[in-house]
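Architecture at a glance
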Amino acid sequence: QLQLVESGGGLVQAGGSLRLSCAASGRTFRFYDMAWFRQAPGKEREFVAGITWSGDSTYYADSAKGRFTISRDNAKNTGFLQMNSLKPEDTAVYYCAAGQTAGWTSAAKYNYWGQGTQVTVSS
């Protein structure tokens, strides 16, 4: 079993920055690909960014490119999402996820999920 706990969400003004963290425990985190998803009220859960278990490759949704950076520190069993130039449309609950099968943008790839952290961006 792998447990994931997100933190770092909050309220920020448009143009500001937040850094989300995903702390992992229970199994060897570095053996899992990990990703960030988000879900706004009334909308489907959407892929934001992903990173391979080694950290050598990253993937971003078009909405995140140029503004968000995904990273991980396997020695500390922690993943991160640095979010800059935030916009009101970024407002959502953000979830970290981990998995070992192909399909970056599909939630079905991921077997383990955190509880989510709220990000609210005011105009």
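Here's what I pulled together on the structure shown here. (Residues numbered from 1 in each chain as written. Predicted model: local features only at pLDDT ≥ 70, side-chain atom pairs only at ≥ 80, totals over all residues. Heavy atoms only, no water.)

**Quick notes on the environment of Thr52**
Going by this rule: To qualify as a helix, a DSSP run of H or I must reach at least 4 residues; to qualify as a strand, a run of E must reach at least 2; elements of each kind are numbered from the N terminus. For this analysis, residues touch if any pair of their heavy atoms sits within 4.5 Å.
Of note, Thr52 is situated in the loop between β5 (46-51) and β6 (58-60). Excluding its chain neighbours within four sequence positions, the residues that come into contact with Thr52 are Asp33, Ser57, Tyr59, Arg72 and Trp104.

**A closer look at the nonpolar core**
Where we set the bar: Put simply, buried Ala, Val, Leu, Ile, Met, Phe, Trp, Tyr and Cys residues joined by side-chain atoms within 4.5 Å make one nonpolar core. Accessibility here uses a 1.4 Å probe with only protein chains present; expressed as a share of the type maximum, an area under 20% marks a residue as buried, one over 50% as exposed, and anything in between as partly exposed.
The biggest cluster of nonpolar side chains holds 28 residues, and the ones touching the most others in it are Leu4, Trp36, Leu81, Met83 and Tyr94. Looking at this core, the elements that each hand over two or more residues are β3 (18-25), β4 (33-39), β5, β7 (68-73), β8 (78-83), β9 (92-99) and β11 (117-122). Look past the residues within four positions of Leu81 in its chain and what remains in contact with it is Leu18, Arg19, Leu20, Trp36, Val48, Ala49, Phe68, Thr69, Ile70 and Tyr94.

**Concerning unusual backbone geometry**
In the Ramachandran plot, Asn77 falls in the positive-phi region, its phi being about 55° despite a non-glycine side chain. Counting through the fold element by element, Asn77 comes out in the loop between β7 and β8. Among the residues examined, Asn77 registers a relative accessible area of 31% and is labelled partly exposed.

**Side note on the state of the cysteines**
Our working rule: The term disulfide is used for any two cysteine sulfur atoms that are within 2.5 Å.
Throughout the structure, instances matching the rule amount to 1 disulfide. Each sulfur in the disulfide pair Cys22 and Cys96 lies 2.1 Å from the other. When the S-S torsion is 65°, as for the bridge of Cys22 with Cys96, the disulfide is right-handed. Separated by 74 residues along the polypeptide, Cys22 in strand β3 and Cys96 in strand β9 bring together distant segments of the chain.

**With respect to the pairing of β4**
As a reminder, the rule being used: Strand pairing requires that DSSP identify at least two bridges connecting the strands.
Judged by how many residues are buried, β4 sits mostly within the fold: 6 of 7 residues are covered. With 7 bridges joining them, β4 and β9 adopt antiparallel strand pairing. Across the sheet, Asp33 pairs through a bridge with Gly99, a residue of β9. Inspection of the sheet shows β4 paired to β5 by 5 bridges, in the antiparallel sense. Across the sheet, residue Phe37 finds its bridge partner in β5, namely Phe47. Joining the antiparallel neighbours β4 and β5 is a turn of 6 residues, in which Gly42 adopts a positive phi near 80°.

**What to know about the environment of Gly15**
Tracing the chain through its elements places Gly15 in the loop between β2 (10-13) and β3. Judged by relative accessible area, which is 54%, Gly15 ranks as exposed. With 69 residues separating them along the chain, Gly15 and Asn84 place their C-alpha atoms 7.1 Å apart. Discounting chain neighbours no more than four positions away, the residues touching Gly15 are Ser85 and Leu86.

**Considering the pattern of salt bridges**
This is how it is decided: Any carboxyl oxygen of Asp or Glu that lies within 4 Å of a side-chain nitrogen of Lys or Arg is treated as forming a salt bridge with it.
Scanning all chains against the criterion turns up 5 salt bridges. Salt-bridge contacts for Asp33 lead to Lys109; the nearest nitrogen and oxygen are separated by 3.2 Å. Here the residue Asp33 occupies a position in strand β4, and Lys109 occupies one in the loop between β9 and β10 (110-113), the gap between them amounting to 76 residues. Its salt-bridge partner being Arg38, residue Asp90 comes within 3.0 Å of it at the nearest N-O pair. Here Asp90 is found in the loop between β8 and β9, whereas its partner Arg38 is found in strand β4, with 52 residues between them in sequence. Classification of Asp90 by relative accessible area gives buried; the value is 1%. With a relative accessible area of 6%, Arg38 lands in the buried category.

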